[in-house]
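Read off the chains here:
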Amino acid sequence: MILAQTEGRPLVRWDWIFDHLDDIWARTLEHVTLTGIALIFGFAISLGLSLLAIRYRRTYSPITWVAGLLYTIPSLALFAFLVPFTGLSLLTAEIGLVSYTLLILIRNIVAGIDGVSPAVLEAAFGMGYTSRRAFWDVQMPLAVPVIVAGLRVASVTTVGLVTVTSLIGQGGYGAFILRGLRRDFPTEILVGTVLSVLLAVVFDLLFLQIERRTAPWAHRRVV
Amino acid sequence: MNLLSDVLDFFLTAQSWTGDDGLLIRTVDHLALSLFATMVAVALALPPAVWLGHRRRGAFLAVALVNVGRAVPSFGIVALALPISLRLGLGLGFWPTFVALVALAMPPVFTNTYSGIREVDPAIVEAAAGMGMTDVQVLRTTELPLATPVIWTAVRVSTVQVIATATLGAVIGWGGLGRYLIDGFAQGNDVWVLAGGIMVAALALLADAAFTVAERWVLPRGLSSRDRSEVETVAV
């Protein structure tokens, strides 16, 4: 496998890892922060746009069209559009990262709410719920599994994308990948890549737990 | 805006387009490598996916592949391809970029093809078999045509992803349009950054549109393609 030794240079130098635990911890915090900010803002914007799309059905197509357009534009190109204006900054990275969460989140929020059985809604109205209360107390909770499924995909995708932001001076674990490349030091590239995968798994499991807690009635879904 | 007029000037200057490091060659390189890598990925991933989908086996593999594909950062794969390629004596630039792109394009093609075949209504498959079709006939005349929309969408999405990821090839010594971005970031040249970004985005959007237009000739009549969000993709 990858661990093969060629030209007398091992691809993984374990001693480097133990010597750089501080560095790894600092990058972990950076990676989690970059991902967390993107998810929070991405979710807030998506929720707002989804509510708009649910209230005014005609806006759904244009909203998802724009979100789809943002999703199709390569991340580096999107960063390129922003760098001349916002520089090699956290803001540039976050605008890009947030843009990529929108399509997945909006689709899932709207699909989750649409998926609530009309009979349940009918029952809520029959019990005297106003449509506002029915929305927040009945439809939203029942939509949680689908919404969280969207958050799982969005978080895993974002964790991977964060590594790319190393090229614009951010990056979390991506900084290891980039530095390893520049120095031809595969250990660092591997550390960055493997830790990014692990963090993606952690986010995935975290949201899975959230789903179990908030929607215990739902079956475990394999996405 | 000064920058925008500089970028416009850049596009309107003949020298920007010509030469070994001009826009024209880099665009052609970028597109050619992307299409080549996607074709190889499709050639490798499609047959096993079609067969396993037909046999209705390997669901675990399909789910695992797409999850792994999504979790593994494409930047990491591109970066890892370089030291491996160097140690194998394949050099930097083309080969590591190509191999990384093929590896990244395969999981979504596999999983979508698999689920496309698998999701064909069992009643239709049974009817086909009941009419006396052989196994291969059922696959060729019934399952494959009905799965074409999903497969076509998967190929489209993969192509767009590969075009996007090919940009990262510039980090490991390949040319392509990524050069404008990487060199522009490194040297603080906003004109290159913006011009490169425009070219890459245009290429991705045009490829997406081209596949959508071509649908009309590729898909069997009466079937339409799926939405991109329903297709499993890898992050770029």
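Residues numbered from 1 in each chain as written. Chains lettered and ligands numbered in written order. Predicted model: local features only at pLDDT ≥ 70, side-chain atom pairs only at ≥ 80, totals over all residues.

Q: Please provide a residue-by-residue account of the nonpolar core, values included.
A: Judged by nonpolar contacts, the single largest core of 124 residues is most densely connected at Ile 106 of chain A together with Val 78, Ala 79, Leu 101, Ala 105, Val 109 and Ala 204 of chain B. Not counting residues up to four positions away in its chain, the partners in contact with Ala 105 of chain B are Ala 37, Thr 38, Ala 41, Ser 158, Gln 161 and Val 162 of chain B. (Core = buried A, V, L, I, M, F, W, Y, C linked by C-beta atoms within 7 Å. Buried ≥ 20, exposed ≤ 12 C-beta atoms within 10 Å, placed from the backbone. Contact = placed C-beta atoms within 7 Å.)

Q: Go over the packing of helix α5 (residues 74-87) of chain B against helix α6 (residues 94-118) of chain B with me, naming the residues and quoting the values.
A: Residues and elements named next belong to chain B. It is the contact of α5 with α6, at a shortest axis distance of 8 Å, that shows an interaxial angle of 140°. Taken together, α5 and α6 sit at an angle that is classed as oblique. As α5 runs across α6, the sense of the crossing is right-handed. In this structure, α5 contributes Ser 74, Ile 77, Val 78, Ala 81, Leu 82 and Ser 85 to the contact, and α6 contributes Trp 95, Pro 96, Thr 97, Val 99, Ala 100, Ala 103 and Leu 104. Looking at the contact of α5 with α6 residue by residue, the classes come out as ten nonpolar, three polar and no charged. (Axes fitted to C-alpha atoms, helices over the stretch in contact; angles between N-to-C directions. Helix = DSSP H or I, 4+ residues; strand = E, 2+ residues; numbered from the N terminus. Parallel < 35°, antiparallel > 145°, perpendicular 65-115°, else oblique. Left-handed = near helix turned anticlockwise from the far one by under 90°. Nonpolar A, V, L, I, M, F, W, Y, C, P; charged D, E, K, R; others polar.)

Q: Explain the packing of helix α2 (residues 21-55) of chain A against helix α5 (residues 90-114) of chain A residue by residue, including any values.
A: Residues and elements named next belong to chain A. Orientation of α2 relative to α5, taken along the N-to-C sense of each, is 45°, at an axis distance of 7 Å. In terms of axis orientation, α2 runs oblique to α5. Viewed along their axes, α2 and α5 form a crossing whose handedness is right-handed. Here the residues of the contact of α2 with α5 sort into 20 nonpolar, four polar and one charged.

Q: Please provide a residue-by-residue account of helix α3 (residues 60-72) of chain A, values included.
A: The end-to-end C-alpha separation of α3 of chain A is 18 Å, in line with the 18 Å expected for 13 residues at 1.5 Å each. Along α3 of chain A, the residues that are buried comprise Ile 63, Thr 64, Ala 67, Tyr 71 and Thr 72 of chain A. Along the axis of α3 of chain A, the buried residues cluster in a sector spanning 165°; they form a single face. Turned more than 90 degrees away from the buried face of α3 of chain A, the exposed residues are Ser 61, Pro 62 and Trp 65 of chain A. On its buried side, α3 of chain A packs onto α2 and α5 of chain A together with α8 (135-166) and α10 (190-218) of chain B. (Expected span 1.5 Å × (residues − 1). Arc of directions from axis to C-beta.)

Q: Which residues make up the interface of chain A and chain B, and what values go with them?
A: Residue-level contacts link 42 residues of chain A with 38 residues of chain B. Looking at the side of chain A that touches chain B, the elements that each hand over two or more residues are α3, α4 (75-86), α5, α7 (131-164), α8 (174-183) and α9 (186-214) of chain A. Looking at the side of chain A that touches chain B element by element, the count peaks at nine residues for α9 of chain A. Residues belonging to the side of chain A that touches chain B are distributed by class as follows: 27 nonpolar, twelve polar and three charged.

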